Amino acid sequence: FTEDFAPMWGAGRADLAEMGRLGANAVRLYSWRAGSGRNHEPFLEAAVAADVAVALPIDNWLVHCLSHAEAQPCQALDAAAAISASVSEARPHACAIAAWVVGTEYEKFGEVQPTVASVQERQRDLEQALAHLLEAEAAVGWPPERLPPITVPVSLDTYLSERCPTLRGSAACEFYPRLLARFPQLAGRLLLGLQAYLPGPDLRRLLQRPGGPDSLHAQLLAAGLPEVAALPTLLTEVGSVEPTSPAAAAAELAAACSGGYEGAPLGCFFNTYVTRRAPPASLNSPPDWSAHVRWGAAGFHSAASGAEWRPTSHRLAAFAWDPAPSPQPRIDLRALGGGAFGQLPQRSRPWNAQLAQGVRFAGTSEWPSYLDWRAWDSCQGCRSASEHISFDSSASSFQVQGDWMRISSERGDAGATLSGADSAWHWFNPPRDGTDDAPLEIEFYFLLDGSAFSADIDALTDQMWGALWAFSHGEGDFGWPSGGEMDLLEWLPKFDARAGGLGAASGFHNVLTGAYPPCCMKADPVMYPYGLQGSAVVGGDGFLLPHDSKFSTWGEAMQRLAGRPQATMNRTKAARQLYNNVVHVYARGTSSTFDIFAKQRANPLAPPPISVTTTADTMRAYGYAQVFRAYGDFGSNNDCSFHNAFPMNRAQSNHGPWDGKRCTNWHQNMHFVWSIVRKDVNHEEDRAIVFYLSDIHVRGGSKHTAAQEPVDSPPGRRVVTEQDDVRPCGWLEGGPEACNVRLANAVAQLDPHDFTSHRVSLQVPSAEYPVDTLAATAGLEELSTAMSAAAAAEPPRPKLCAPPFPSPPPIPPPSGPLPCRHLRRHLRLRRLRRRRGRR
């Protein structure tokens, strides 16, 4: 929201003007760091010109670091100065500030498993932040009649209060009574902020006033909190995470946010993703990128009496923040890092020249983009690397440019492990049998840059143990491997001194096999094209339990596609095909099989028209080798097919073998893990490995809301979302306490501008790399008009006043008798003014 990004919100894509045109009357921002050379003035002026008010944040890191300045992530952040600078910068535009939003679900901040005690600790942080905010307002002379409302958003997905243990969003019972008690001056300013992703009818029932016994209002009164029940409600986030169309998003918005029921919220900020991109009609016609939008809307209504500056219309509309992928060059091959952080070798290294162009996919993704640090900021899955890494380069090497991202290992003891375990919108599940779930499709490109090993490329194969893999949520005996593991792409290093590394391969693991051997294979032409060669035990229904890694690797599959006879194959040498070139990967899973296809030296701008109906023969004709096939009931939470094939084998838990005979739950919210690990390498090894990855397109299957609990999970457990502890991963930067916020820490401390693709796309000259344009699609208009009936019934909304708001008038001289000392001073000043007048 600085001048640097004016091509997005100002002249160019003109997001703010488009929002105003569509009827949005307010925007909520999540990051706003004034000072340090940043200038938000043009953004505020553009917002006023578009008649869009701005809700400004005091973000979670500012709240946290204000009270914990000694903490390692906070040492580079002067939170007090940052808050004061934000208030000072906003003061001239007081008429346009819709609200101060202090924290976002701060009760969860920094906690994998928040508790009542941790929430009470967060309460103290919030009190200090509010105290500093109020002091800063007073220091700049903020006009009392223009003081913005203040809200502290809490999640409706938590139950974290002894006082209100059964209330959704019960952290409000901890935060708001104490804030009202400590700061009486907040009376009339404090709004009850709620974050809700509920169906519209459920939300209306919850917010109805007075409502039934389960309504928020009734439960707050029953808890003895009438002062909280009386607060106006502001929905700081509300929406649907998986609408099927723009019309469905519009219906959810209307149901959740429209007026017409008593106790309707004061305002509503609506967010959701809708992707409606047409597939290419042929190899020579590009997809329709223009309809790729991220939807959102914002609005206020039902203004309190006397607060005439506050927007009053309840019209809500859509806006699109995210530019669509472009076939134009999106990467500046020079390093974009700044300062000492940007000059680290892993950040200042030039990007591979093969990635200068954009990326296109064979189909439309139904998931949000993975080209953003928020999709990777956790570390579940790091245990597998704990014996081989002593230096964590996850945050220091993570970079995004255009349509690509990368991580790297600079030396033998360095590695990276990033996980999507904490980003629910990125979780996925295989399709369930007997439902309308479409087959699961996963599509991505990668480039493994081993140019530092050019003279000894086989040494890279011997040590490389990087991967892109996925496993399910769960804890204890419901954690890995009871939820399954899908190693979509894993480099297998040199495990046996008698043979070299195997290179890129795929493999699944379940509750019976644990870390080794892989499960779910049969003696088919894909994985065992030349027979078993005595390397596996055959069980029921043809399932195999390998005791030697004789299954096919990616390199071997590609050699077979090229017609090379078996006698000339060497797996270590075959692995060379997967280095230093762009590889396109397409994976497809049903409730009974899972297939993976890959093509080396792929053109990322020209994928063939692949779909769920494309046959293996057609894939081969397109130049794709089938590199993997697995069998199982992958849409089930109780897949016993492999277990029944080997009934005498003991099941595994993450604590070792156990006597239970639990089957595998493949439908327990899978998340990706992206890693570089080296095996048995001297720490002095200084040849770098760079792992480039495109966005990951996911289609079909089912999202996290359709996850299935294990059949034998105990009551009261949320096995589909809870996660195993990661304390054994002590090699991570910041130690176990901070391992799940490594990228957030880097954002707070170092402000990298290459942690998300859409920011980086604006760092290069716009003449050479044009900014994506925002087209007014039918979907945008559909969502805008969804609120027209409600808006028409409300009074017209006044225009925002034009900033800068005038400074407070000078204080007039006091009237009435003055104390003697003040009278003498008053007379002296009057005589002085008269003398000046005579001159």
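Quick caveat: nothing in here was measured; it's all calculated off a predicted structure.

The rules behind these values
- Residues numbered from 1 in each chain as written.
- Predicted model: local features only at pLDDT ≥ 70, side-chain atom pairs only at ≥ 80, totals over all residues.
- Heavy atoms only, no water.
- Helix = DSSP H or I, 4+ residues; strand = E, 2+ residues; numbered from the N terminus.
- Buried < 20%, exposed > 50% of the residue type's maximum accessible area, 1.4 Å probe, protein only.
- Contact = heavy atoms within 4.5 Å.
- Areas by Shrake-Rupley, 256 points an atom, 1.4 Å probe, with all protein chains shown as cover.
- Disulfide = S-S within 2.5 Å.
- Expected span 1.5 Å × (residues − 1).
- Arc of directions from axis to C-beta.
- Phe/Tyr/Trp six-rings, centres within 6.5 Å; stacked < 30°, edge-to-face > 60°.
- Pairing = 2+ DSSP bridges.
- Axes fitted to C-alpha atoms, helices over the stretch in contact; angles between N-to-C directions.
- Parallel < 35°, antiparallel > 145°, perpendicular 65-115°, else oblique.
- Nonpolar A, V, L, I, M, F, W, Y, C, P; charged D, E, K, R; others polar.
- Polar contact = N/O pair within 3.5 Å; in protein donor to acceptor, adjacent residues only side chain to side chain.
- Salt bridge = Lys/Arg side-chain N within 4 Å of Asp/Glu carboxyl O.
- Core = buried A, V, L, I, M, F, W, Y, C linked by side-chain atoms within 4.5 Å.
- pLDDT = per-residue confidence, 0-100.
- Left-handed = near helix turned anticlockwise from the far one by under 90°.

**Looking at the overall build of the protein**
Okay, so step 1: Helix and strand counts for the protein stand at 24 helices and 27 strands.
Okay, so step 2: Considering the protein as a whole, with its 839 residues, one finds that 58% of them fall into the buried category.
Okay, so step 3: For the protein, contacts bridging at least 24 residues in sequence account for 76% of all contacts bridging at least 6.
Okay, so step 4: Only carbon and sulfur atoms are counted for the fraction: they give 53% of the accessible area of the protein, which is about 32,400 Å².

**Focus on the state of the cysteines**
Okay, so step 1: Enumeration over the complete set of coordinates arrives at 5 disulfides.
Okay, so step 2: In this model Cys65 forms its disulfide with Cys74; the gap between the sulfur atoms is 2.1 Å. Across the S-S bond of Cys65 and Cys74 the torsion is about -70°, and the bridge reads as left-handed. Considered together, Cys65 and Cys74 belong to a single accessibility category, that of buried residues.
Okay, so step 3: A sulfur-sulfur separation of 1.9 Å characterises the disulfide bridge that pairs Cys640 with Cys663. Every disulfide takes its handedness from the sign of the S-S torsion; for Cys640 and Cys663 that torsion is 100°, giving right-handed.

**What to know about helix H5 (residues 79-90)**
Okay, so step 1: Counted at 1.5 Å a residue, the expected span for H5 with its 12 residues is 16 Å, and the 17 Å between its end C-alpha atoms agrees.
Okay, so step 2: Those residues of H5 lying buried are Ala79, Ala82, Ile83, Ser86, Val87, Glu89 and Ala90. Take H5 and look down its axis: the buried residues cluster within an arc of 165°, on one side only.

**As for the packing of aromatic side chains**
Okay, so step 1: Counted according to the given criterion, the structure contains 29 aromatic pairs.
Okay, so step 2: Their ring planes at 55° and their centres at 6.3 Å tell us that Phe446 and Trp554 sit as a pair that is tilted. Taken as a pair, Phe446 in strand E14 (residues 440-449) and Trp554 in helix H16 (residues 554-561) lie far apart in primary sequence, 108 residues in all.
Okay, so step 3: For Phe446, a relative accessible area of 0% gives the class buried.

**Things to note about the pairing of strand E3 (residues 97-102)**
Okay, so step 1: Taken across its 6 residues, E3 has 6 buried, putting it largely inside the fold.
Okay, so step 2: As judged from the 5 bridges shared by strand E2 (residues 53-58) and E3, these two strands associate in the parallel manner. Bridge pairing in E3 places Val54 opposite Ile97.

**A look at the packing of helix H4 (residues 60-67) against H5**
Okay, so step 1: Across the interface, H4 lies against H5 with an axial gap of 8 Å and an inter-helix angle of 135°. Compared by their axis directions, H4 and H5 come out oblique. Along its contact with H4, which presents Leu62, Cys65 and Leu66, the element H5 presents Ala79, Ala80, Ala82 and Ile83.
Okay, so step 2: Its residues placed into classes, the contact of H4 with H5 shows 7 nonpolar, no polar and no charged.

**Looking at the side chain of Lys522**
Okay, so step 1: Of note, Lys522 is situated in the loop between strand E17 (503-509) and strand E18 (536-538).
Okay, so step 2: On the basis of relative accessible area, Lys522 is assigned to the buried category, the value being 16%.
Okay, so step 3: Of the polar contacts made by the side chain of Lys522, one reaches the backbone oxygen of Asp541; its length is 3.1 Å.
Okay, so step 4: Here Lys522 is in contact with Met527, Tyr528, Asp541, Gly542, Phe543, Leu544 and Tyr631, once residues within four sequence places are set aside.

**Quick notes on the pattern of salt bridges**
If the charged atoms of two oppositely charged side chains come close together, the side chains can form a pair.
Okay, so step 1: Applying the stated criterion across every chain yields a total of 23 salt bridges.
Okay, so step 2: Across the salt bridge formed by Arg124 and Glu121, the nearest N and O atoms sit 2.5 Å from each other. Note that Arg124 and Glu121 are positioned in helix H6 (residues 116-139) at a spacing of 3 residues, about one turn of the helix.
Okay, so step 3: Using a relative accessible area of 48% as the deciding quantity, one classes Arg124 as partly exposed.
Okay, so step 4: Here Glu121 falls in the partly exposed class, since its relative accessible area comes to 27%.
Okay, so step 5: Put simply, Lys679 and Asp680 hold a salt bridge, and the shortest N to O gap is 2.4 Å.

**Topic: H6**
Okay, so step 1: If you check H6, its first and last C-alpha atoms are 35 Å apart, about what 24 residues at 1.5 Å a residue would give, namely 34 Å.
Okay, so step 2: Positive phi shows up at Gly141, right after H6, with a value of about 70°.

**Considerations on the nonpolar core**
Okay, so step 1: Of all hydrophobic cores here, the largest spans 161 residues; its most connected members are Trp376, Phe398, Phe446, Trp554 and Phe672.
Okay, so step 2: Of all the elements, H6 adds the most residues to this core, at 8 residues.
Okay, so step 3: Residues in contact with Phe446, not counting those within four places in the same chain, are Trp404, Leu489, Trp491, Trp554, Leu578, Asn581, Val582, Val583, Val585, Phe691, Tyr692 and Leu693.
Okay, so step 4: Trp351, Val359, Tyr445 and Val690 belong to the second-largest nonpolar core, a separate cluster that totals 11 residues.

**Let's talk about the sheet that holds E17**
Okay, so step 1: What the 6 strands build is an open sheet, ordered E10-E13-E25-E15-E16-E17; its pairing is mixed. Here the strands that pair on one side only, and so sit at the sheet edges, are strand E10 (391-392) and E17.
Okay, so step 2: Pairing of E10 with strand E13 (residues 414-419) involves 2 bridges; the strand directions are parallel. The residue bridging Asp392 from the neighbouring strand is Gly415, located in E13.
Okay, so step 3: Across the face of the sheet, H16 comes into contact with strand E16 (485-492) and E17 while running at roughly 115° to E17.

**Examining the confidence of the model for the protein**
Okay, so step 1: Confidence in the prediction for the protein averages 77 pLDDT; 75% of positions are at 70 or higher.
Okay, so step 2: Every residue in residues 758-780 is under pLDDT 50, and counting partners more than four places away or in other chains gives 54 contacts.
Okay, so step 3: Contacts from residues 802-839, a stretch scored under 50 in pLDDT, to residues over four places away or in other chains number 18 contacts.

**Notes on the packing of H6 against helix H7 (residues 171-182)**
When two helices pack together, their arrangement is given by the angle between the helix axes and the distance between those axes.
Okay, so step 1: One can describe the packing of H6 onto H7 by two numbers: an axis separation of 10 Å at closest approach and a directional angle of 35°. Crossing of H6 against H7: the hand is right-handed. The residues of H7 that touch H6, namely those facing Val119, Gln120, Arg122, Gln123, Leu126, Glu127, Gln128, Leu130 and Ala131, are Ala171, Glu174, Phe175, Arg178, Leu179 and Arg182.

**Overview of the environment of Ala421**
Okay, so step 1: Secondary-structure assignment places Ala421 in the loop between E13 and E14.
Okay, so step 2: Residue class for Ala421 comes out buried when judged on its relative accessible area of 2%.
Okay, so step 3: Taking C-alpha positions, Ala421 is 7.7 Å from Trp376, a pair spaced 45 residues apart along the chain.
Okay, so step 4: Not counting chain neighbours up to four residues away, the residues in contact with Ala421 comprise Ser378, Gln380, Trp427, His473, His671 and Gln723.

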